[in-house]
Structures are given as C-alpha cells and as structure tokens.
Amino acid sequence: MIDWYDWAGGREAMIRLGPDTGPVVIVALPLFEEANRTRTFAVTMMRALAARGVASVLPDLPGTGESLVALQDVTLMAIRVAHEALTLSFDAQGRQTYAIGIRSGALLDALSLSFGRWHFAPQAGENVLRELVRIKNAEAGGGRYDRHTIIGAEDGPIRIGGQSLSPDLLADLSGALLFAGDGPTQRTVRLEIDPAPADRKVTGVPLWRRAEPDNDLSLAETLADDIAQWVRTCAG
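Every value quoted in this text rests on a predicted model; they were computed, and no experiment measured them.

Caption draft 1: Main features of the pairing of strand 1 (residues 2-7). Only one face of strand 1 is covered, namely the face carrying D3, Y5 and W7; the face carrying I2, W4 and D6 is uncovered. Note that strand 1 and strand 2 (residues 10-17) share six bridges and pair antiparallel. The residue of strand 2 that forms the bridge with D3 is M14. What sits between strand 1 and strand 2 in their antiparallel hairpin is a turn of two residues.

Caption draft 2: The packing of aromatic side chains, seen in detail. Across all of its chains, the model carries four aromatic pairs by this definition. Here the aromatic rings of Y98 and F115 are separated by 6.1 Å at their centres, their planes lie at 45°, and the arrangement is tilted. Of this pair, Y98 sits in strand 5 (residues 97-102) while F115 sits in the loop between strand 5 and strand 6 (116-120), and the two are 17 residues apart along the sequence. For Y98, a relative accessible area of 0% translates into the label buried. For F115, a relative accessible area of 40% translates into the label partly exposed.

Caption draft 3: Spotlight on unusual backbone geometry. Even without glycine at this site, F32 takes up a positive phi of about 65°. You can see F32 is positioned in the loop between strand 3 (24-28) and helix 1 (33-51). According to the relative accessible area criterion, F32 is buried, its value standing at 13%. Its identity as a non-glycine residue notwithstanding, A121 has a phi of 50°, on the positive side. In this fold, A121 is placed in the loop between strand 6 and helix 3 (125-140).

Thresholds, definitions, all that
All residue numbers here refer to positions counted from 1 along the written sequence of the relevant chain. Totals for whole chains, interfaces and linings use all residues, but because this is a predicted model, local features are given only for residues with pLDDT of at least 70 and pairs of side-chain atoms are given and counted only at 80 or more. For the side-chain quantities, the full set of heavy atoms in the structure was used; hydrogens and water were omitted. The rule is simple: take the accessible area with a 1.4 Å probe, protein chains only, and divide by the maximum for that residue type; under 20% is buried, over 50% is exposed, in between is partly exposed. A run of DSSP states H or I qualifies as a helix once it reaches four residues; a run of E qualifies as a strand once it reaches two. Both are numbered from the N-terminal end. Here, strands pair whenever DSSP counts at least two bridges between them. Between rings of Phe, Tyr and Trp, where Trp is taken as its six-membered ring, a pair exists when centres lie within 6.5 Å; planes separated by under 30 degrees are stacked, by over 60 edge-to-face, and by other angles tilted.

Right, here's the structure in full:
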C-alpha cells in the first residue's frame, strides 16, 4: 500500500508492505540512476519479507523517487534527517526499526537510531563520487573532471547522467563513510564476485550495472531469508 511520512522538509510517500505490528525494516535504495535499476528488485524483496511475517517500507527520501524536493536542492544531511524522522515515527508507535541499505543507500541511515543495520553491497561516498566522475568524463568525451573539479565545476548544479546534482551533495559524498558498527546488529552482505569483506557472500547479478531495470527473484528470496533471520536475532 502507499502511505506517507513527515519530516522537517515536508511530506513524502512510501510503499508499505507486511504486518501493521512488530518490527519494520526501512529500505533505502541507492542514490541516482542505480535507484531506478534496483527499485523493482527491492519491492520483490519486500514482498518476500511480508510472506515471512516481516514488515517493510520503501520511502521516497528527499530528491528521490516521486519526492517534491528537487535533487539539485538536496544535501546528504537532508536525506539522513528524513530517514531519521521516518525511524522516529515508528519508534513512537512502539515498533523496532531496522535499516536496510542497498549500495549507496547504506549511507543514508547514519543519523537513525535503528535496532540494527543490514547493508547489501554497500558503497562509501568516495566510491559513489568516483563513479559520478567516470560518468561525467564519458559524457564530456575526455578526462576533464576528477573528484575535486567535479565538486567545484560550476557555480550551480552540475549535470551528470541526465540529473542535476548540487555541489553541496557532491561535497557531502566525498567524505561520507559507512556506519562503523559491529556485532550482530550490523550485517553486510555482498555478491560472490565482490572482493570486499562481508558477513555473507551470495550468488546473484549486480542489477545496478544493468542498462535497464531488471530483477532477480532468486536473490530477492535469498536476501529476504537473511534479513528475516537477522531481524529475529537482533530482536532476541
């Protein structure tokens, strides 16, 4: 079902699946174009979670999805504040919240006092910025840009991959780190082809690399199993 939540900057929509009581996981998609390539997959994973009795929400954070806030006006802090507000709204209902971050979505829960964080193929901000530099140079037909020049390339928003990004957001990404937690409430899952360390490696395709949006039903089921078991472990 479609629902909504309030934050300091206004009201945003969210998809809500699963039971109306008990723990709820807040799913954060990757930033920018990768969000479009992984949204269907995320909803498939949420449906699988609902079948396992776990509630989930997929919010439109500021500058993402159908948000009324323009991407060119967004900062990383604003996105994190909105994520925190959504978390607090469930806290007020007496429900435990768990942050689920896909790729750069793992950068968006830093302010939220969740009962646990589960990240799939997470990216630090520097890696996101490096990918944006690659895309911009491909568009420009040369190696004109680097991580420094892309932040200060223009007085206003800079166009990258068909989207207008603010220098403030790019600067935020340059120093954005993944939440450095440990223990059972912090879990990282990656694809087998990813050499970075993880608590678990799984078989699947990197949907965020596809030219068009795609899905992986088997991977969605595998990750839903992992998340459901992890939530039960965290909840004790």
